[in-house]
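Descriptive analysis of the structure
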Amino acid sequence: MEATGTDEVEKIKSKFMSAWHNMKYSWVLKTKTYFSRNSPVFLLGKCYHFKTEGEFRALHSFGSNFDKINTEISGNVEEFRKDFISRIWLTYREEFPQIKGSALTTDCGWGCTLRTGQMLLAQGLMLHFLGRAWVWPDALDMDSSDSESWTSTTVRKLTASFEASLTAERDPKILAQPQRGPARRSWDVTEMRNEVYHRKIISWFGDSPLAAFGLHQLIEHGKKSGKMAGDWYGPAVVAHILRKAVEEARDPELQGVTVYVAQDCTVYSSDVIDRQCCFMDSGKAGTKAVIILVPVRLGGERTNTDYLEFVKGILSLEYCVGIIGGKPKQSYYFAGFQDDSLIYMDPHYCQSFVDVSIKDFPLESFHCPSPKKMSFKKMDPSCTIGFYCRTVQDFEKASEEITKMLKSSSKEKYPLFTFVKGHSRDYDFASSPLREENDLFSEDEKKRLKRFSTEEFVLL
């Protein structure tokens, strides 16, 4: 009886937390983000120009004024909008199945870096299965007033949910999704195939214990490094958790992807290639695509603005899958820039649990209707940069290109990180691919993760 009472208290606390965070962060979805018409906008390697000739007009965000933009620039604006909305957006969720070993049914207040890590991995998987040119056909069908309706209904829903818990009533069900517009034309074979992968990728990040890269699985992997549900996670720790999650994934579709995490700001080329050329679970030899994650610090206590050009250069590469970063006390997924401002997706908005195991589950809450911008100067120095390379040749080309970029942008004696030929073991680092199966993290990794967890910023 006492345990039941404790669980009820935890549920009530969770509802308060959800309501608080939505009141705190939901206004962000309603605010307008302004883009300059005179500067190009970069989004994960793609460049968009909003410049017009003759008429001077400010470019607003994707709010109610979006349709008022003159037609002379709406073509490119809509291309950017469609591209941005097509990225997978993963945010706080509530009322999902209870996390093992805790009474938590929401990640409000502590899971933002896990969510930004999920977004980065999702972009890597989208490149792998769909390619960079893919966009969600329904992206522009998202109602421009969605963000306003979300913020207004969320508080009412949470209030009703909270009242129901006090009266021991059954929790309200998930809100019905807004009615869609008229049915689109019939899909061709390629579009149908792409939509299958679109849904499959999102389902891998579902908030249920069985989802390969869902919150429940990531927390289980984090336990091996001493992290528990409700703890703070930094960008470097999340990088290692993502690597373990991909290694442990059992879906045959995921056997062609691996993740490599740089060691002490060093990417060992032979280690990466070994990962790409290893045997599949089926026993067949094959080349795997690799997602390379590089945890770095862009300065000491504050971000060094000398790194701005390098960060912009990285986000200009089509094989960049984004940056797990943020500003102090908040984690964001950085996906682009304009001038000296970074474009990001914010995971702090708390949404209802969506059961991704059902057929035709609603997709709208997994796509962000509006980009946000933040000055580079506000960025916390701790972050993890991600790249995707489909083949060994792609990796070799990327390493050469990034090395040149590192050298040209570095005003310091040492670059932010380096690519080194050979294996890490050649440099006396205790890193071997042969590890005990029942110990997901080696002792060396545990020490490294412990060091990272004490150095990185606190996340709320």
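Residues numbered from 1 in each chain as written. Predicted model: local features only at pLDDT ≥ 70, side-chain atom pairs only at ≥ 80, totals over all residues. Heavy atoms only, no water.

1. Remarks on the overall build of the protein chain
The number of helices and strands found in the protein chain is 12 helices and 13 strands. Burial analysis of the protein chain (460 residues in total) assigns 54% to the buried set. In the protein chain, the share of contacts with a sequence separation of at least 24, taken over all contacts with a separation of at least 6, comes to 76%. Per element, the accessible surface of the protein chain, about 21000 Å² overall, is 53% carbon and sulfur. (Helix = DSSP H or I, 4+ residues; strand = E, 2+ residues; numbered from the N terminus. Buried < 20%, exposed > 50% of the residue type's maximum accessible area, 1.4 Å probe, protein only. Contact = heavy atoms within 4.5 Å. Areas by Shrake-Rupley, 256 points an atom, 1.4 Å probe, with all protein chains shown as cover.)

2. Some words on helix H9 (residues 269-276)
Residues spaced three or four apart along an α-helix point in a common direction, a consequence of the helix completing one turn every 3.6 residues. Every buried residue belonging to H9 is among Ser 269, Asp 271, Val 272 and Gln 276, and all of these are buried. Projection of H9 onto a plane perpendicular to its axis shows the buried side chains occupying an angular sector of 165°, all on one side. Those residues of H9 that are buried are in contact with strand E4 (257-261), strand E5 (266-268), strand E6 (289-297), strand E12 (382-389), helix H11 (392-409) and strand E13 (418-420). (Arc of directions from axis to C-beta.)

3. Some remarks on the nonpolar core
Soluble globular proteins: nonpolar side chains tend toward being buried together. Core analysis: the largest hydrophobic core is formed by 73 residues, its most contacted members being Trp 110, Leu 114, Leu 125, Ile 201, Trp 204, Phe 205 and Phe 213. Discounting chain neighbours no more than four positions away, the residues touching Phe 205 are Leu 90, Gln 118, Leu 121, Ala 122, Leu 125, Ala 211, Phe 213 and Gly 214. In terms of nonpolar packing, the next biggest core, distinct from the first, is built from 42 residues, Val 294, Phe 310, Phe 337 and Met 374 among them. (Core = buried A, V, L, I, M, F, W, Y, C linked by side-chain atoms within 4.5 Å.)

4. Concerning the environment of Ile 241
Note on placement: Ile 241 falls in helix H8 (residues 235-248). Distance in space between the C-alpha atoms of Ile 241 and Lys 224 is 9.1 Å, their sequence separation being 17 residues.

5. Details of the packing of helix H4 (residues 112-129) against helix H6 (residues 189-204)
It is at 10 Å that the axes of H4 and H6 come closest, and there the two elements cross at 155°. In terms of orientation, H4 lies roughly antiparallel with respect to H6. Regarding H4 and H6, the two cross each other, and that crossing is right-handed. Of the residues in H6, those touching H4 at Ala 122, Leu 125, Met 126 and Phe 129 are Arg 193, Tyr 197, Ile 201 and Trp 204. Considered class by class, the residues forming the contact of H4 with H6 number 7 nonpolar, no polar and 1 charged. (Axes fitted to C-alpha atoms, helices over the stretch in contact; angles between N-to-C directions. Parallel < 35°, antiparallel > 145°, perpendicular 65-115°, else oblique. Left-handed = near helix turned anticlockwise from the far one by under 90°. Nonpolar A, V, L, I, M, F, W, Y, C, P; charged D, E, K, R; others polar.)

6. What about the packing of helix H7 (residues 215-223) against H8?
Packed helix pairs are specified by the crossing angle of their axes together with the interaxial distance, meaning the distance between the axes. Orientation of H7 relative to H8, taken along the N-to-C sense of each, is 110°, at an axis distance of 9 Å. The orientation of H7 relative to H8 falls into the category roughly perpendicular. Here H7 runs over H8; the crossing is right-handed. Contacts between H7 and H8 involve Leu 218, His 221 and Gly 222 from the former and Ile 241, Leu 242, Lys 244, Ala 245 and Glu 248 from the latter. A breakdown of the residues in the contact of H7 with H8 according to their chemical character gives 4 nonpolar, 2 polar and 2 charged.

7. Regarding the pairing of strand E11 (residues 372-375)
Going residue by residue along E11, you find Lys 372 and Met 374 tucked away on one face and Lys 373 and Ser 375 left uncovered on the opposite face. One ladder, built from 4 bridges, connects strand E9 (residues 341-345) with E11; its direction is antiparallel. Each residue of the ladder has a partner; that of Leu 342, found in E11, is Met 374. (Pairing = 2+ DSSP bridges.)

8. Describing the confidence of the model for the protein chain
Confidence in the prediction for the protein chain averages 80 pLDDT; 69% of positions are at 70 or higher. Across the protein chain, element-level confidence peaks in H4 with a mean pLDDT of 98 and bottoms out in helix H5 (residues 146-166) with 44. Low pLDDT (under 50) marks residues 144-183, which in the prediction has 54 contacts with non-local residues, meaning those over four places away or in another chain. Counting contacts from residues 451-460, a segment whose pLDDT is below 50, to residues more than four positions away or on other chains yields 35 contacts. (pLDDT = per-residue confidence, 0-100.)

9. What to know about the packing of aromatic side chains
In this structure the tally under the stated criterion is 19 aromatic pairs. Note on Phe 35 and Phe 80: the rings are 5.7 Å apart at their centroids and 70° apart in plane angle, and the pair reads as edge-to-face. You can see Phe 35 sitting in the loop between helix H2 (27-30) and strand E1 (41-43) and its partner Phe 80 sitting in helix H3 (residues 71-86), a full 45 residues away along the chain. Of the two residues examined, Phe 35 and Phe 80, each falls in the buried class. In this structure an aromatic cluster arises from ring pairing among Phe 310, Tyr 319, Phe 387, Phe 395, Phe 417 and Phe 419. Lying across the ring of Phe 366, Arg 93 places its NZ or CZ 4.6 Å from the centre. In this structure, Lys 227 is placed above the aromatic ring of Tyr 233, and the distance from its NZ or CZ to the ring centre is 5.9 Å. (Phe/Tyr/Trp six-rings, centres within 6.5 Å; stacked < 30°, edge-to-face > 60°. Lys NZ or Arg CZ within 6 Å of the ring centre and 35° of its normal.)

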